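Observations on chain architecture
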Amino acid sequence: MHLVRGVILLAACALLCISGCRSLAPIQPASSALHADTARQCRAHFLARPRQLVQSLTAYLPDGDVRDAIAVIRIHPEAGRIKCVIMSVEGLVLFDGEYDGGVSIRRAVPPFDEKKFARAMFADIRLAFISPEAENVQVGTLSGGTPICRYARSDGKGFVEVRLSGADRLEIRRYTSGKKLRETVNICYPPACGSPLPGGAGEIPAKIDIFHHGLFDYRLELNLLEAKELPRTEKQ
Amino acid sequence: MKKISKNTEYAAFLTVLLACAVFLTGWADDLETLKEKVTFVESIQADFTQEKHLEMLDQPLISKGALYFQAPRSLRWEYSRPVRSVLLMHNNEIRRYVRTDSGMKAQKSRSLEAMRVFLGEICMWMQGEFDANPDLEARMKSDRRVVLTPKDPAMAEVIERIELRLTDTPGVIDAVAIHESSTSYTNIRFHDTKINAGIESAVFQELDPGRDKQ
């Protein structure tokens, strides 16, 4: 009888651990030279100047359906302001809204008129393009040698990791404060991923894959069509 | 916040409208005689250039593609750039293919159902029944334009009006302008239009006719 109780207790502990005892991968401290280089590369990914990006967007929805659209995004990284218009391939505006500390929707057709959708979309854009506000940044390498920067968000809402996963590629992960993985963003720069920009050069990612993890997993694939720098003083 | 409800079907409708507006062919001075003038049209094919104008864009976003129509109810509306996208309609079946990382993939039919609702009316338009839709007011202007205006305020929130500019050649349309607001509109210009040139039925049934059996 004691044995049965013990097994049940162990099973319960295992279940609890699977669902709740998550942890972030350990980071090995880097040498000072590697530390500085990794920190620089992590910072370099995020936009330093205002940009307007035109992206093709393919959404892989939880029900298996696939939708396509085109997104025009204006990002002012210093102010944290974002404006976004999503339109059908045929040109019909599906969503027109902005984020400036809060979400406002100027125009939207269902299902894009849900605030929840707008909040998630702006959070995706912030995660992919704007450096997280962090109280501290842990820099080093993962056990496999991948350089990593881990930002503990200053709003207490979890962690953001930038993993320098290869030449022209990096991965951004967002965890909750409970260390649960919520989003993975795979980013690919030219020349590994072709760029439509003149010369194929690229300080702007050519391809971005955003994976949402949770009960309703979905994936967004963004491919760069156009990019231009905006004046810093421009009002949205 | 300008929140629009009850318009999912309108969104799909407008998409199809874009695709089918070109079929307002065979010109006349009024809508009544227009129908009689288009009876000779059995098929149309044309290339198009689409310009999307937005307040936040200095330059319009340019898309290119082609359309194919076979009377009475077959349609292919295809974008080749910047993103490939193919809409097929044949025998009352609608299919749409979108580009994915593993090639072109068909959308689930459920997401196309809203389009189906309006396709019957579109077919009437192709046959010259421009004023058949009670939700749209159709007017023929003296400068060879047909202007469609939504009567339903909910629909008018999505689109203000549609203008079709006709050429002086029966069966050939010059351009379509879809005005969503004063700062957001789409211009589609048609070129290399061919009437009754003969189109294989596979064009309306297969993603890549002759090459692809998806």
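Now for a look at the structure at hand.

Observations concerning the overall build of chain B
- In terms of helices and strands, chain B carries four helices and 12 strands.
- Among the 214 residues that make up chain B, the fraction classed as buried is 54%.
- Within chain B, contacts between residues separated by at least 24 positions form 49% of all contacts whose residues are at least 6 apart in sequence.
- Put simply, chain B shows about 9,500 Å² of open surface, and 45% of that area lies on carbon and sulfur atoms.

Regarding the overall build of chain A
- In terms of helices and strands, chain A carries three helices and 13 strands.
- Burial analysis of chain A (236 residues in total) assigns 50% to the buried set.
- By sequence separation, contacts in chain A at least 24 residues apart represent 43% of the contacts at least 6 residues apart.
- For chain A, the accessible surface area stands at approximately 11,300 Å², while carbon and sulfur atoms represent 57% of it.

Some points on helix H3 (residues 115–129) of chain A
- Between its first and last C-alpha atoms H3(A) spans 21 Å; for 15 residues at 1.5 Å apiece the expected length is 21 Å, and the two agree.
- Looking at H3(A), one finds that the buried residues are Ala118(A), Met121(A), Phe122(A), Asp124(A), Ile125(A), Leu127(A), Ala128(A) and Phe129(A).

Comments concerning the sheet that holds strand S8 (residues 136–140) of chain B
Residues and elements named next belong to chain B.
- One open sheet holds the 11 strands; their spatial order is S7-S6-S5-S4-S3-S2-S12-S11-S10-S9-S8, and the pairing between them is antiparallel. Since the sheet does not close on itself, it has two edges, and those belong to strand S7 (103–106) and S8, each with one partner. Strand-to-strand twist across the sheet, computed as the mean angle between neighbouring axes with direction ignored, equals 20°.
- As paired strands, strand S10 (residues 161–166) and strand S11 (residues 173–179) are joined by six bridges and run antiparallel to one another. Residue pairing across strands places Glu163 opposite Ala177, the latter belonging to S11.

Some points on the interface of chain A and chain B
- The interface of chain A with chain B comprises 37 residues on the first partner and 42 residues on the second.
- For the pair chain A and chain B, the summed buried surface comes to about 3,400 Å²; carbon and sulfur atoms form 55% of the total.
- In this assembly, chain A and chain B are joined by six salt bridges.
- Ionic pairing is found between Lys228(A) and Asp58(B), a salt bridge with its closest N-O pair at 2.1 Å.
- Among the secondary structure elements, those contributing two or more residues to the side of chain A that touches chain B are strand S2 (51–60), strand S3 (66–76), strand S4 (81–87), strand S6 (103–108) and strand S13 (218–229) of chain A.
- If one sorts the elements of the side of chain A that touches chain B by residue count, S3(A) sits on top with seven residues.
- Split into classes, the residues belonging to the side of chain A that touches chain B amount to 16 nonpolar, six polar and 15 charged.

Points about the nonpolar core
- By size, the foremost hydrophobic cluster in this structure holds 50 residues, and its most contacted members are Ile75(A), Phe95(A), Phe122(A), Ile125(A), Phe129(A) and Ile172(A).
- It is H3(A) that provides the largest number of residues to this core, a total of seven residues.
- Ignoring sequence-local partners within four residues, the contact set of Phe129(A) consists of Phe46(A), Leu47(A), Leu53(A), Gln55(A), Ile75(A), Pro205(A) and Ile208(A).
- Counting 31 residues, the second largest nonpolar core, distinct from the first, contains Phe69(B), Leu166(B), Val176(B) and Phe190(B).

As for the pairing of strand S4 (residues 74–81) of chain B
Residue and element names in this part refer to chain B.
- Within S4, six of the eight residues are buried, which leaves the element mostly enclosed by the surrounding structure.
- Pairing between strand S3 (residues 61–70) and S4: seven bridges, direction antiparallel. Looking across to S4, one finds that Gln70 is bridged to Ser74.
- With antiparallel pairing between neighbouring strands as the criterion, S3 and S4 make up a hairpin whose turn holds three residues.
- Across five bridges, S4 lies against strand S5 (residues 85–90) in antiparallel orientation. The residue of S5 that forms the bridge with Glu78 is Val86.
- From the end of S4 to the start of S5, which pair antiparallel, there are three residues.

As for the state of the cysteines
Residues and elements named next belong to chain A.
- Within the structure shown, the criterion is met by two disulfides over all chains.
- Here Cys42 is linked by a disulfide to Cys149, with a sulfur-sulfur distance of 2.0 Å. Handedness of the Cys42-Cys149 disulfide follows from its S-S torsion of about 90°: it is right-handed. Of this pair, Cys42 sits in helix H2 (residues 32–45) while Cys149 sits in strand S8 (residues 147–153), and the two are 107 residues apart along the sequence.
- Overall, the relative accessible area of 0% leaves Cys42 in the buried class.
- Shown here is the disulfide that connects Cys188 with Cys193, its sulfur atoms set 2.0 Å apart. Across the S-S bond linking Cys188 and Cys193, the dihedral sits near 100°, which makes this disulfide right-handed.
- In this structure Cys193 comes out as buried when scored by relative accessible area, which is 12%.
- Each bonded cysteine of chain A gets a number by its place in the sequence, and the pairs then read 1-2, 3-4.

What counts as what
Residues numbered from 1 in each chain as written. Chains lettered and ligands numbered in written order. Predicted model: local features only at pLDDT ≥ 70, side-chain atom pairs only at ≥ 80, totals over all residues. Heavy atoms only, no water. Helix = DSSP H or I, 4+ residues; strand = E, 2+ residues; numbered from the N terminus. Buried < 20%, exposed > 50% of the residue type's maximum accessible area, 1.4 Å probe, protein only. Contact = heavy atoms within 4.5 Å. Areas by Shrake-Rupley, 256 points an atom, 1.4 Å probe, with all protein chains shown as cover. Expected span 1.5 Å × (residues − 1). Pairing = 2+ DSSP bridges. Axes fitted to C-alpha atoms, helices over the stretch in contact; angles between N-to-C directions. Buried area = accessible area lost by both parts, 1.4 Å probe. Salt bridge = Lys/Arg side-chain N within 4 Å of Asp/Glu carboxyl O. Nonpolar A, V, L, I, M, F, W, Y, C, P; charged D, E, K, R; others polar. Core = buried A, V, L, I, M, F, W, Y, C linked by side-chain atoms within 4.5 Å. Disulfide = S-S within 2.5 Å.

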